[in-house]
Amino acid sequence: MSQTTLQEPEVNLELAIDHGLTEDEYEMIKDYLGRTPTFTELGVYSVMWSEHCSYKNSILEIKKLPREGDQLLVGAGEENAGLVDIGDGLACAFKIESHNHPSAIEPYEGAATGVGGIHRDIFTMGARPVASLNSLRFGDMENPRVRYLLDGVVRGISDYGNSFGIPMVGGEIYFDEAYEGNPLVNAMSVGIVKVGETASAIAEGIGNPVLIVGSSTGRDGIHGATFASEDISEESEAKRPSVQVGDPFTEKLLLEASLEALKTGAIVGMQDMGAAGIACSSSEMTAKGGLGMNMDLDKIPMREEGMTSYEILLSESQERMLIVAEKGREQEIIDVYEKWDLNAVVCGEVVEGDRVTYWKDGEVKADMPADSLVLGGGAPQYVREAKKPEYLDTVQNFDTDTLQHSDDFKTILLDLLNAPNIASKRWVHEQYDTTVRTNTVNAPGASDSGLIRIKDSKKGLAVKTDCNGRYVYLNPRKGGQIAVAESARNVVCSGAKPVAITNCLNFGNPYKPDVYWTFKEALGGMGDACRKLNTPVTGGNVSFYNENPKGAIFPTPVIGMLGIVEDVEKHRMTPGFKNDGDAVLYIGAERKGLGGSEYLNTIHHLTTGDTPDIDLDFEAILQESLLEAIKSGNLNAVHDISDGGLATTLAEMAIFGAKGADVSIDDFAGSLHEILFSEAQSGAVISCDPEKVEAVSDHFKKFNIPVHEFGTVGGSELTINDVVSIQISEMSNRYEGAIPKAMEV
Amino acid sequence: MSKKIGVIVFPGSNCDHDAYHAMKHVMNADTTFLWHKDKEIGDLDLVIVPGGFSYGDYLRSGAIARFSPIMEAVQDYVKKGFPVLGICNGFQILLEAGLLPGAMLHNEKLRFVCKNVNIRVENNRSLFTSGMKEGTVLNVPVSHGEGNYFIDDEGLSDLKEHEQIAFRYCDANGNVTQEANFNGSVDSIAGIINKQGNVLGMMPHPERAMEPLLGSSDGIPFFESIFNSLQLA
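Bear in mind that the values here come from a model prediction, so they are computed numbers and not experimental data.

A.B. asks: Mind showing me how you'd approach the overall build of chain A here?
C.D. replies: Each helix and strand counted, chain A has 28 helices and 28 strands in total. Since a compact globule built from 745 residues should have a radius of gyration of about 27 Å, the 26 Å found for chain A is in line with a globular shape. Every one of the 745 residues in chain A was classed for burial, and the buried ones make up 66%. Summing over all exposed atoms, chain A offers an accessible surface of approximately 24,600 Å²; the carbon and sulfur share of this is 46%. Charged side chains in chain A number 63 positive and 114 negative. The centres of these two groups are separated by 3 Å.

Structural data, given as structure tokens:
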């Protein structure tokens, strides 16, 4: 008899509560088992029923999002990632996921393993990852701890992603005190697979062998999922061992070997190991197949000695997968993994029944109904108490007219270009390989969305992550609507039709009624926009408990938008001004309202006012008409108006194109501050050859989209009436200089 | 006659497909992959050691790759006078293998850098560069963390004496400036040739600059230059 068994603590309610379970949940477990769980079983239930794995406090709300669409090849939550038919016999698998808690404690490994985990979700479906994005949130850059976190996170993403060899094509970074101590690190992966060649995460076929492949198993990351399901506190530092350690080289081997192994046709099902490691992958595959699984933990390749069944099942060692093979053909799979110098070991079998049973040292250590463990099965689902936060009325009724607005527009614009939220993120994205695999058409930087071409096809994929947390904080419903609408507008601006989203829902503690109300409202807003823009939700990830001792972060439902460019050579579009003499036009809604703007944040140090209005019907028509205009070939540059308003948009178009412009805003209604700095939705600046102005204007009028020509491209200055006149070089210095200067203090 | 080209695949190579695509689909050359465990090169006109992270490069870039079976075969191939082009990690491996002089350090600012840079053709008296005019400026991507080329003074004189410097970092007008030397390389060196003239190592990625859609096609004249030389050989 092994010593470890003798040392196992007695399982009782107190121990269950120590594992993060509630009394009711402990009773549920005893009901499912008809007895008191073993120590190992308690550990497995505690991670499988953690927020991170079970979505217990979010799933009922998530199910209200629109999840149907003609192009969706698998339903949301059915597989590791969404799968969208992109034509030409190809499908796109894509998903975004958070690694916030590990990155708060250990930024380098936290971010690195976040990248690794999301790519595994994609290639476990048989798709080859072709593009990465990331969406990051940090506190104020003045704080040295924030700079340390930014540096560590960027290095982690850079080292892992560059070695793995997938181009980073887009993303966004915001800085606000609200994220102090609890940064957000959301990583997105996009992959391509031939329709019909995808793999499923299912255990089928009684007698089929189960293999573990990839890295050996160690003690790293035990209880990572549980750690991600509680507030970050001063004690969190002690949980540093819960953070996994990444090995991009092994991940690269695992990618190549897994795609090659799938080609043998001997794989029945495949599931990657992320949160809750072997416990999660084996129980999910088993529950999905509706059968049972026996697993012998003594067969698992180990990197340290003396690990207990509890530790083996809960280990979150990275770069591992579980495979169910066709009986008698396991050697074909083993041969492929051996070619790539990776472990591939038969460690179990699909059996009759409905239980997952784990053996060690000749004893059953855990024996549970598979379905009782998993999301959508026996895992608990809750509706939490929701209450509208009190601050909302105050901020939404704030009258921005009561502020002292400076008329030094030049200084305001330069300060905005220098604001970390608007300034160039070149310092960050130059640390990422953006061109590997030779598909990158629009790299991060001078583009509204990332754009890659698809080899052997005329098509391209435009991808974008987006969420203005400030908007969601000030008005959760409108903020949710705008997150979807703006990410869609961004891919349209690159020449793509938006088709589907993935999302990463970053919120505070769901047991706080105001957080839960905000969560529900924001999801409601997302749903409104997804329905109107016909971009269903394909899946994603929820990250609750994003709090620090001062309170919750801004509610931040990050949207990962996928768009398809029909003909990438002809339709691709960029925001930089192109030719001297081109006409500059504005299309879209009136520029009014300063609520929630970067202008208020940077110039007045205020996060207040109501989030800009958005008319989703208008937005849908704007996007449709804009895409048609781009496809007609009549436009030379297109840039969405977002943070920093019209003035910032014009400045960016000038900086990106290294060409100035002379514009008049006489035709715009409202105060100068609103015209120049309002973040009103549903607007864009476009440019075209002067002789095409009429055709372009007629086109938008046909759709009832307001359009007016208001300037000309040319020179080395941006001139707006007689209120702004700045050399491009001066704008560029501020825009490009802000982040490097802050980081090289 | 179509050229036959081999692209080496180490398990951690990730620009192998970039090189393959550039050779096969842009240059229309007969292109094959060579596996790192292969012991023979076979009948090929050019071997490319591509970019990536050969065996993870957790030690020093290329330090382990030099011991691989395929690199032993490459040593023989080079001895027989056949041409070998190392790009990025390929350059690092050729240095570690002693096929080119010098060593690679971490970039001066200790950060990975990925961007388009300009490089100047320093001499056109090699089989790799003979089709281009001296002073030609090529706009090509770089993407590396360890591209800070180092060689001692004596070695540098030797390189100059034997006209082994193929490319130097420069500005858009072809001026070799301190600012253009983003990774801190000795004498702004971006690529060098061995004394025999059949091995070229370079940090920039000409194979990623083959199509206007992707931002630059300046890699084409470079590969055309190599192809023309091979025809003559």
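A.B. asks: Explain the pairing of strand β15 (residues 450–453) of chain A here, please?
C.D. replies: Side-chain positions along a regular strand alternate between the two faces of the sheet. All names here are of chain A. Residues Gly-450 and Ile-452 of β15 are buried on one face, and the alternating residues Leu-451 and Arg-453, pointing to the opposite face, are buried as well. The pairing of strand β14 (residues 440–442) with β15 spans two bridges and is classified as antiparallel. Residue pairing across strands places Thr-440 opposite Ile-452, the latter belonging to β15. Connecting β15 to the next strand, strand β16 (residues 460–466), in antiparallel fashion are six residues, including Asp-456 with a positive phi near 65°.

A.B. asks: Sorry, what's going on with the packing of helix α24 (residues 616–632) of chain A against helix α27 (residues 693–702) of chain A here?
C.D. replies: Packed helix pairs are characterised by how far apart their axes lie and by the angle those axes make with each other. Residue and element names in this part refer to chain A. Closest axis-to-axis distance for the α24/α27 pair is 10 Å, and the angle between their directions is 150°. Between α24 and α27, the angle falls in the class roughly antiparallel. You can see that α24 and α27 cross each other, and the crossing is right-handed. Where α24 approaches α27, its residues Ser-625, Leu-626, Glu-628 and Ala-629 are matched on the opposing element by His-699, Phe-700 and Lys-702. When the residues that make up the contact of α24 with α27 are grouped by side-chain class, the tally is three nonpolar, two polar and two charged.

A.B. asks: What exactly am I supposed to notice about the packing of aromatic side chains here?
C.D. replies: How two aromatic rings sit relative to each other is set out by the distance from centre to centre and by the angle between their planes. This model, assessed by the stated rule, comprises 24 aromatic pairs over all chains. When the ring of Tyr-169 of chain B is compared with that of Phe-182 of chain B, the centres are 5.0 Å apart and the planes differ by 75°; the resulting orientation is edge-to-face. Linking Tyr-169 of chain B in strand β9 (residues 165–170) with Phe-182 of chain B in the loop between β9 and β10 (189–193), this pair joins segments that are 13 residues apart in sequence. We note that Tyr-169 of chain B, like Phe-182 of chain B, is buried. Members of the aromatic cluster, connected to one another through ring pairs, are Tyr-179, Tyr-391, Tyr-473 and Phe-554 of chain A. Note that Lys-339 of chain A overlies the ring of Trp-35 of chain B, its terminal NZ or CZ placed 4.8 Å from the centroid. Over the ring of Tyr-382 of chain A we find Arg-384 of chain A, and its NZ or CZ is 4.9 Å from the ring centre.

A.B. asks: Would you explain the interface of chain B and chain A in this entry?
C.D. replies: Frequently, the measure chosen for interface size is the accessible area that the parts lose on association. Each partner contributes residues to the interface: chain B has 30 residues there, and chain A has 34 residues. Carbon and sulfur atoms make up 53% of the area that chain B and chain A hide from each other, which totals about 2,600 Å². Taken together, the links from chain B to chain A amount to four salt bridges. For Asp-151 of chain A, the salt bridge identified is with Arg-111 of chain B, shortest N-O distance 2.7 Å. Here chain B is connected to chain A by 16 residue pairs in polar contact (both at pLDDT 80 or more). Mapped onto the side of chain B that touches chain A, the elements with two or more residues apiece are α1 (16–26), β6 (113–121) and β7 (137–144) of chain B. Across the side of chain B that touches chain A, the residue classes break down as 14 nonpolar, nine polar and seven charged.

A.B. asks: Explanation requested: the sheet that holds strand β18 (residues 537–543) of chain A in the structure shown.
C.D. replies: Across a sheet, strands are paired by hydrogen bonds formed along the backbone, either parallel or antiparallel in direction. Residue and element names in this part refer to chain A. Spatially, six strands are ordered β14-β15-β16-β21-β17-β18 in an open sheet, and the strand pairing comes out mixed. If you trace the sheet from one side to the other, it starts and ends with β14 and β18, each paired once. Pairs of neighbouring strands in the sheet enclose a mean axial angle of 20°, with direction left out of account. Pairing geometry for strand β17 (residues 497–506) and strand β21 (residues 556–565), over nine bridges, is antiparallel. Bridge pairing in β21 links Leu-505 to Pro-557.

A.B. asks: Where do I start with the pattern of salt bridges in this structure?
C.D. replies: Pairs may arise between side chains of opposite charge once their charged atoms sit close together. Within the structure shown, the criterion is met by 59 salt bridges over all chains. Measuring nitrogen to oxygen at the nearest pair gives 2.8 Å for the salt bridge that ties Arg-477 of chain A to Asp-528 of chain A. Of this pair, Arg-477 of chain A sits in helix α20 (residues 476–493) while Asp-528 of chain A is found in helix α21 (residues 513–533), placing the two residues 51 residues apart along the sequence. Its salt-bridge partner being Glu-619 of chain A, residue Arg-489 of chain A comes within 2.8 Å of it at the nearest N-O pair. Taken as a pair, Arg-489 of chain A in helix α20 and Glu-619 of chain A in helix α24 lie far apart in primary sequence, 130 residues in all. In this structure, a network of salt bridges that share partners links the residues Arg-120, Glu-122, Lys-160, Arg-168 and Asp-187 of chain B.

A.B. asks: Sorry, what's going on with the domain arrangement of chain A here?
C.D. replies: By domain assignment, chain A separates into domain 1 (1–60 + 199–377) and domain 2 (409–423 + 573–739). Taking only C-alpha atoms, the centre of domain 1 of chain A and the centre of domain 2 of chain A are 51 Å apart.

A.B. asks: How should I be thinking about the UniProt feature "active site" (unreviewed entry) in chain A in this particular structure?
C.D. replies: Residues and elements named next belong to chain A. Per the UniProt record, "active site" (unreviewed entry) is found at His-52 and His-99. A compact arrangement is adopted by the annotated residues: their sequence extent is 48 residues, whereas the largest C-alpha distance between any two is 10.7 Å. With respect to the helices, strands and loops of the structure, His-52 is situated in helix α5 (residues 51–54). Summarising the element assignment, His-99 is placed in the loop between β3 (90–98) and α7 (100–105). Classification of His-99 by relative accessible area gives buried; the value is 15%. In this view, His-99 contacts Gly-110, Thr-113, Gly-114, Val-185 and Gln-244; residues no more than four positions away in its chain are not counted.

A.B. asks: What should I look at first to understand the side chain of His-429 of chain A in this one?
C.D. replies: Tracing the chain through its elements places His-429 of chain A in helix α18 (residues 426–429). Residues contacting His-429 of chain A, with those up to four places away along its chain left out, are Thr-434, Pro-444 and Gly-445 of chain A.

A.B. asks: Which parts of the structure should I look at to understand α21 of chain A?
C.D. replies: An α-helical turn contains 3.6 residues, so a residue and the one three or four places further along point in the same direction. The end-to-end C-alpha distance of α21 of chain A is 30 Å, a good match for the 30 Å that 21 residues give at a rise of 1.5 Å each. Directly after α21 of chain A, the chain includes Asn-534 of chain A, whose backbone phi takes a positive value near 55°.

A.B. asks: Even after reading the chapter, I still don't get the environment of Gly-155 of chain B, so can you show me in this structure?
C.D. replies: All names here are of chain B. Mapping Gly-155 onto the fold places it in helix α4 (residues 153–161). Given the relative accessible area of 17%, Gly-155 is considered buried. Considered as a pair, Gly-155 and Gly-197 are 42 residues apart in the sequence and their alpha carbons are 16 Å apart.

What counts as what
Residues numbered from 1 in each chain as written. Chains lettered and ligands numbered in written order. Predicted model: local features only at pLDDT ≥ 70, side-chain atom pairs only at ≥ 80, totals over all residues. Heavy atoms only, no water. Helix = DSSP H or I, 4+ residues; strand = E, 2+ residues; numbered from the N terminus. Rg over C-alpha atoms; globule rule 2.2 N^0.38 Å. Buried < 20%, exposed > 50% of the residue type's maximum accessible area, 1.4 Å probe, protein only. Areas by Shrake-Rupley, 256 points an atom, 1.4 Å probe, with all protein chains shown as cover. Lys, Arg positive; Asp, Glu negative; His and termini not counted. Charge placed at Lys NZ, Arg CZ, Asp CG, Glu CD. Pairing = 2+ DSSP bridges. Axes fitted to C-alpha atoms, helices over the stretch in contact; angles between N-to-C directions. Parallel < 35°, antiparallel > 145°, perpendicular 65-115°, else oblique. Left-handed = near helix turned anticlockwise from the far one by under 90°. Contact = heavy atoms within 4.5 Å. Nonpolar A, V, L, I, M, F, W, Y, C, P; charged D, E, K, R; others polar. Phe/Tyr/Trp six-rings, centres within 6.5 Å; stacked < 30°, edge-to-face > 60°. Lys NZ or Arg CZ within 6 Å of the ring centre and 35° of its normal. Buried area = accessible area lost by both parts, 1.4 Å probe. Salt bridge = Lys/Arg side-chain N within 4 Å of Asp/Glu carboxyl O. Polar contact = N/O pair within 3.5 Å; in protein donor to acceptor, adjacent residues only side chain to side chain. Domains from an automatic or database assignment. UniProt positions renumbered as here; feature names shortened; annotations may be inferred. Expected span 1.5 Å × (residues − 1).

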